[in-house]
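Structural overview
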Amino acid sequence: MPLPMSHSSFLQNGVRYDLAHLTAFAAGMPNRGEKPDQTLGIVVAFSNHVYTNRTKYGDQHDFVDHHGTKRTFDHDRFKMSLKLPDLIKAAIASDTLTFISHSFGGNKNLMLIETDEGRQWSVVFCFESIPGGVRMEVLSTHPRVVNESQKNRRHLSYFARMCLFNQIRVP
């Protein structure tokens, strides 16, 4: 099931949390499209994992994710999510370096590392093929220290173009 294009605000302990900042948006990479002079269109969408954690067995949940898994609001991740759209726009504009990472379940995803308030954050994402471009699905964020020097990094456009030309999820 694809990620939502927007997220509704919600109330927790008398505090309303607005999630409008996580509304999907379009971006582009000039000269990276199907032809050298075309812009590669990218639609960016966010999973609720960027502001939730997996609910522990027996605990109350706040959300259900796109796979039907119960999720619990996480204030720390929510604070980081406020910066995500600008972070992703900057990564696309600068064609930043990224690398393939393996999740705990063995799935491959792409990862960006960002530092926020003295902490290192992993931003986990993939590319899906859509008509006329690609969809960047921001799957999760979490604080995690990663030794990037040990990783084989490539420009974001490398993976986006692989998705565009092969019409498959990348990685």
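Let me sum up the structure you'll find in this document. Note that this is a predicted model, so its numbers are computed, not measured.

All right, on to the overall build of the chain then. Check the secondary structure of the chain and you find three helices and twelve strands. In terms of overall size, the chain behaves like a compact globule, its C-alpha atoms giving a radius of gyration of 16 Å where 171 residues would be expected to give roughly 16 Å. Looking at the 171 residues of the chain, the share that counts as buried comes to 43%. Contacts in the chain between residues at least 24 apart in sequence constitute 54% of all its contacts with a sequence separation of at least 6. On the chain, roughly 9,400 Å² of surface is accessible, and the fraction owed to carbon and sulfur atoms is 49%. For the chain, the centre of its 20 positive side-chain charges and the centre of its 16 negative side-chain charges are spaced 5 Å apart.

Formed by 36 residues in total, the largest nonpolar core has its most connected members in Val44, Ile88, Phe127 and Met136. Not counting residues up to four positions away in its chain, the partners in contact with methionine 136 are Ile42, Val43, Val44, Ala45, Ile88, Ile92, Phe125, Cys126, Phe127 and Leu156. One finds Ile113, Val124, Cys126 and Val146 within the second-largest nonpolar core, a separate group that totals ten residues.

For the rest of this paragraph, the subject is helix H3 (residues 156-166). What H3 keeps buried is the set Leu156, Ser157, Phe159, Ala160, Cys163 and Leu164. The arc enclosing the buried residues of H3, seen along the axis, measures out at 165°, which places them on a common side. Where H3 terminates, the next one or two residues include glutamine 167, which has phi positive at roughly 55°.

Bringing the sheet that holds strand S6 (residues 63-64) into the picture now. As summarised here, the arrangement of the three strands in space is S5-S7-S6, forming an open sheet in which the pairing is antiparallel. Of all the strands in the sheet, just strand S5 (52-54) and S6 have a single pairing partner and so form its edges. The pairing of S6 with strand S7 (residues 70-73) spans two bridges and is classified as antiparallel. Among the inter-strand pairings, valine 64 is bridged to a residue of S7, identified as lysine 70.

Note: strand S10 (residues 119-130) against strand S11 (residues 133-143), ten bridges, orientation antiparallel. Looking at S11, one finds that serine 122 is bridged to histidine 142. With antiparallel pairing between neighbouring strands as the criterion, S10 and S11 make up a hairpin whose turn holds two residues, including glycine 132 at a positive phi of roughly 85°.

Attention now goes to the packing of aromatic side chains. Scanning the entire structure with this criterion turns up eight aromatic pairs. Consider the rings of phenylalanine 125 and phenylalanine 127, whose centres lie 5.8 Å apart with planes at 85°: the pair is edge-to-face. Comparing phenylalanine 125 with phenylalanine 127 shows no difference in burial state: the two are buried. Counting every residue linked through ring pairs, the aromatic cluster contains Phe10, Tyr17, Phe73 and Phe78. We note lysine 89 situated over the ring of phenylalanine 25; from NZ or CZ to the ring centre the distance is 4.8 Å.

Each value, and the rule that gives it
Residues numbered from 1 in each chain as written. Predicted model: local features only at pLDDT ≥ 70, side-chain atom pairs only at ≥ 80, totals over all residues. Heavy atoms only, no water. Helix = DSSP H or I, 4+ residues; strand = E, 2+ residues; numbered from the N terminus. Rg over C-alpha atoms; globule rule 2.2 N^0.38 Å. Buried < 20%, exposed > 50% of the residue type's maximum accessible area, 1.4 Å probe, protein only. Contact = heavy atoms within 4.5 Å. Areas by Shrake-Rupley, 256 points an atom, 1.4 Å probe, with all protein chains shown as cover. Lys, Arg positive; Asp, Glu negative; His and termini not counted. Charge placed at Lys NZ, Arg CZ, Asp CG, Glu CD. Core = buried A, V, L, I, M, F, W, Y, C linked by side-chain atoms within 4.5 Å. Arc of directions from axis to C-beta. Pairing = 2+ DSSP bridges. Phe/Tyr/Trp six-rings, centres within 6.5 Å; stacked < 30°, edge-to-face > 60°. Lys NZ or Arg CZ within 6 Å of the ring centre and 35° of its normal.

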